[in-house]
Amino acid sequence: RFIAKPCAINLGIQDSGPHRAQPNAILEKVFTSITKSPDGKRLEGLSKQLDWDVRKIQRWFRHRRNQDKPTTLTKFCESMWRFTFYLSIFSYGIRFLWTAPWFWDTRQCWYNYPFQPLTSRLYYYYILELAFYWSLMFSQFTDIKRKDFLIMFVHHLATIGLITFSYMNNMVRVGTLVLCLHDASDFLLEAAKLANYAKYQRLCDAFFMLFGVVFIVTRLGIYPFWILNTTLFESWELIGPYPSWWLFNGLLVTLQVLHIIWSYLIIRTASKALVRGKVSKDDRSDVETSSEEEDVTSNSTKGIFSTSSNGSNRLNGHMASAQWTEE
């Protein structure tokens, strides 16, 4: 309200929603009580009842659906909040871990386990991350439903489970490595979304490409060869197969599967950009599932993030909120 909104207004982002549908009690009742996307048979019936052309009724439902979508200003403010959090928590994590011995030698995560001290800095790092992911879990049900809703739901469950489980079992050292690694790319995605909403397309594309590189390096390189290596092999070697070993590593492997899925989507989007010079839409989370015809992007729209004629963003973050979500 006091920071993001003034920034958006200074960048020329208007607080105006899409075109509002013409008031009509019959169509409004159908929209709210029966369906938001009527089929052909229902359209024909409404056409006869109202003496309206079918195309006019379709247009009315399209406009009515668009009324419920958040404005570009609202999405800018949400992305700016997430960008601020991700950048702050990543900076805090790097500063904290830089002096931690287990950051440089992962075997330190298991020495003297489970009798390892829980410092105040480590405690607040954990609690802040847990609170944020719980907020993402709840807000997912009130935000626009996205194509990767189920994947993000599983991701949030696995993340909350891992944070809680590792805290209860005092596996916080390796937990901080996982958290910091996941925060490394998220703020870049939110920066790309902010540039997209402000219509700085080249800056948006640059941030997105940087996000893609960092995401793939951290999630397909560092995570399996650094994190999974220490939780699967070094822990087994140093402290043996502790009772919760299978559950803990099962959750971590679940995250790796999600990383592979998202990396595939990022690579596919980037390859389209290289081959065609543009991408009409992304394959992740900010694409809405309702009514494809209302979000057709004009051929003149350039860049990795494309904006439909009503101003709605076609590409989220992680990976999302941009076609990617916020992870």
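Quick note: structure is the one above.
For the structure given in this document, a descriptive report is provided here. (Residues numbered from 1 in each chain as written. Predicted model: local features only at pLDDT ≥ 70, side-chain atom pairs only at ≥ 80, totals over all residues. Heavy atoms only, no water.)

## Re the nonpolar core
For step 1, the next point in the chain: Of all hydrophobic cores here, the largest spans 55 residues; its most connected members are Leu97, Trp102, Tyr223 and Phe248.
For step 2, the next point in the chain: For this core, the secondary-structure elements that each account for two or more residues are α5 (72–98), α6 (101–104), α7 (120–139), α8 (149–168), α9 (172–197), α10 (201–239) and α11 (245–276).
For step 3, the next point in the chain: The element that contributes the greatest number of residues to this core is α9, accounting for 12 residues.
For step 4, the next point in the chain: Sequence-distant contacts of Leu97, that is, excluding residues within four places in its chain, are made with Trp102, Phe103, Trp104, Thr176, Leu177 and Cys180.
For step 5, the next point in the chain: Counting residues in each nonpolar core, the second largest holds 10 residues, with Leu27, Leu46, Trp52 and Ile57 among its members. (Core = buried A, V, L, I, M, F, W, Y, C linked by side-chain atoms within 4.5 Å. Buried < 20%, exposed > 50% of the residue type's maximum accessible area, 1.4 Å probe, protein only. Helix = DSSP H or I, 4+ residues; strand = E, 2+ residues; numbered from the N terminus. Contact = heavy atoms within 4.5 Å.)

## Considerations on the packing of aromatic side chains
The geometry of an aromatic ring pair comes down to the distance between the two centres and the angle between the two planes.
For step 1, the next point in the chain: Following the criterion strictly, the structure yields 27 aromatic pairs and no others.
For step 2, the next point in the chain: Considering the side-chain rings of Phe85 and Tyr86, the 6.1 Å spacing of their centres and the 65° angle between planes classify their relative orientation as edge-to-face.
For step 3, the next point in the chain: When the centroid spacing of 6.1 Å and the interplanar angle of 40° are considered together, the rings of Trp98 and Phe103 count as tilted.
For step 4, the next point in the chain: Assessed through its relative accessible area of 16%, Phe103 is described here as buried.
For step 5, the next point in the chain: Through pairs of rings, three or more aromatic residues link up here, namely Trp81, Phe85, Tyr86, Phe132 and Tyr133.
For step 6, the next point in the chain: In this arrangement the basic side chain of Lys56 is found over the ring face of Trp52, its NZ or CZ atom lying 4.2 Å from the centre. (Phe/Tyr/Trp six-rings, centres within 6.5 Å; stacked < 30°, edge-to-face > 60°. Lys NZ or Arg CZ within 6 Å of the ring centre and 35° of its normal.)

## A few points about the pattern of salt bridges
For step 1, the next point in the chain: Following the criterion strictly, the structure yields 4 salt bridges and no others.
For step 2, the next point in the chain: Its salt-bridge partner being Asp186, residue Arg219 comes within 3.7 Å of it at the nearest N-O pair. Of this pair, Arg219 sits in helix α10 while Asp186 sits in helix α9; the two residues are 33 residues apart in sequence, bridging distant segments of the chain. Neither Arg219 nor Asp186 differs from the other in exposure class; each is buried. (Salt bridge = Lys/Arg side-chain N within 4 Å of Asp/Glu carboxyl O.)

## Things to note about the environment of Phe215
For step 1, the next point in the chain: Considering the arrangement of structural elements, one finds Phe215 in helix α10.
For step 2, the next point in the chain: Judged by its relative accessible area of 0%, Phe215 falls in the buried class.
For step 3, the next point in the chain: Counting along the chain gives 31 residues from Phe215 to Ala184, while the straight-line C-alpha distance between them is 7.8 Å.

## Considerations on unusual backbone geometry
For step 1, the next point in the chain: Cis rather than trans, the peptide bond between Tyr113 and Pro114 has omega equal to 5°.
For step 2, the next point in the chain: With respect to the secondary-structure elements, Pro114 resides in the loop between α6 and α7.
For step 3, the next point in the chain: Despite not being glycine, Asn112 has its phi angle at roughly 60°, a positive value.
For step 4, the next point in the chain: Note on Asn112: relative accessible area 54%, which makes it exposed.
For step 5, the next point in the chain: Despite not being glycine, Asn170 has its phi angle at roughly 60°, a positive value.
For step 6, the next point in the chain: Checked against the element boundaries, Asn170 lands in the loop between α8 and α9.
For step 7, the next point in the chain: Looking at Asn170, the relative accessible area reads 15%, which means it is buried.

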